[in-house]
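# Commentary on secondary and tertiary structure
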Amino acid sequence: MQPEDLMGEWRLLSATLTVAGEDNSILDPNRHFVKLFTASHFAFFSRLPERPRYTLPPSDSELIAGGKSFDAGGGQYDLEGENYIEHIDYCSFPNYEGISIAFKLSFENGVLTQQGTYPLVKLGLGEVDGYLVETYEKL
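Described below are features of the structure shown in this document. This structure is a prediction, so every number in the text was calculated from the model and none was measured.

Turning next to the layout of surface pockets. Over the atoms a probe the size of a water molecule is rolled, and this reveals where empty space is left. Its volume calculated, the largest pocket comes out at about 710 Å³. What lines the largest pocket is a set of 27 residues, and nearest its centre among them are F33, F44, D71, Y96 and Y118. Of all the secondary-structure elements, those providing two or more residues to the lining of the largest pocket are β1 (8-19), β3 (32-37), β4 (41-47), β6 (83-91), β7 (100-108), β8 (111-118) and β9 (130-138). In terms of residue class, the lining of the largest pocket is built from 18 nonpolar, three polar and six charged.

Written out as structure tokens, the structure is:
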């Protein structure tokens, strides 16, 4: 796989995180999730379709609701064949900033699959790591 194969906008179709032998779908069907690729960078965006509007100045509860309705992140990536590493520079969930996560990529029948060990321990999100499988279609 080459960077030009990735370039563009992709919609998340499925996301399964397996932890201690238990599969968990982590794709909220109510959220819109897209991932963008350039020749050297990736970015992702996720939002609820009905985001609350703020008053001026926004209250703390409005800011919390707004923060819960939108996620984003991105950074540079390395790609050598099927080996793909995301270097996360920015993320609305700060535990991810400065972390690199390695995946394997494959492309078949118009579906991009990204899978690999998910560092839950390093992220401070679990006592054991998981295994993440995500599938995308190009928009």
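Take the pattern of salt bridges next. What the rule picks out here adds up to four salt bridges. Put simply, E86 and K35 hold a salt bridge, and the shortest N to O gap is 2.4 Å. Of this pair, E86 sits in strand β6 while K35 sits in strand β3; the two residues are 51 residues apart in sequence, bridging distant segments of the chain. A relative accessible area of 6% places E86 in the buried class.

Only 2.4 Å separates the side chain of E86 from the side chain of K35, close enough to count as a polar contact. Here Y84 takes part through its side chain, which lies 2.8 Å from a polar atom of the side chain of E86. With residues up to four places along the chain from it excluded, the contact list for E86 reads K35, F42, Q76, Y77, I99, S100, I101, F103 and Q114.

The next point concerns the side chain of T135. Mapping T135 onto the fold places it in strand β9. Separated by 2.5 Å, the side chains of T135 and S14 make a polar contact. Residues in contact with T135, not counting those within four places in the same chain, are R11, L12, L13, S14, V111, L112 and T113.

To continue, consider the pairing of β3. Note that β1 and β3 share four bridges and pair antiparallel. Bridge pairing in β3 places E9 opposite L36. Pairing of β3 with β4, which is carried by six bridges, proceeds in the antiparallel orientation. Looking at the pairing, H32 lines up with R47 of β4. Remark: three residues form the turn of the hairpin made by β3 and β4, two consecutive strands paired antiparallel.

Attention now goes to the packing of aromatic side chains. Scanning the model with the defined rule gives nine aromatic pairs in all. The interplanar angle of 10° and the centroid separation of 5.8 Å between the aromatic rings of F33 and F44 together place this pair among those described as stacked. Taken together, the positions of F33 in strand β3 and F44 in strand β4 put the pair 11 residues apart, joining distant regions of the chain. As far as burial versus exposure is concerned, F33 and F44 are alike and both buried. An aromatic cluster is defined as three or more aromatic residues linked by ring pairs; in this entry it consists of F37, Y77, Y84 and F103.

Rules of the game
Residues numbered from 1 in each chain as written. Predicted model: local features only at pLDDT ≥ 70, side-chain atom pairs only at ≥ 80, totals over all residues. Heavy atoms only, no water. 1 Å grid on protein atoms, 1.4 Å probe; cavity = no way out; pocket = protein on both sides within 12 Å on 5 of 7 lines; lining within 4 Å. Points joined across faces, edges and corners; volume = space filled by probe spheres on them. Helix = DSSP H or I, 4+ residues; strand = E, 2+ residues; numbered from the N terminus. Nonpolar A, V, L, I, M, F, W, Y, C, P; charged D, E, K, R; others polar. Salt bridge = Lys/Arg side-chain N within 4 Å of Asp/Glu carboxyl O. Buried < 20%, exposed > 50% of the residue type's maximum accessible area, 1.4 Å probe, protein only. Polar contact = N/O pair within 3.5 Å; in protein donor to acceptor, adjacent residues only side chain to side chain. Contact = heavy atoms within 4.5 Å. Pairing = 2+ DSSP bridges. Phe/Tyr/Trp six-rings, centres within 6.5 Å; stacked < 30°, edge-to-face > 60°.

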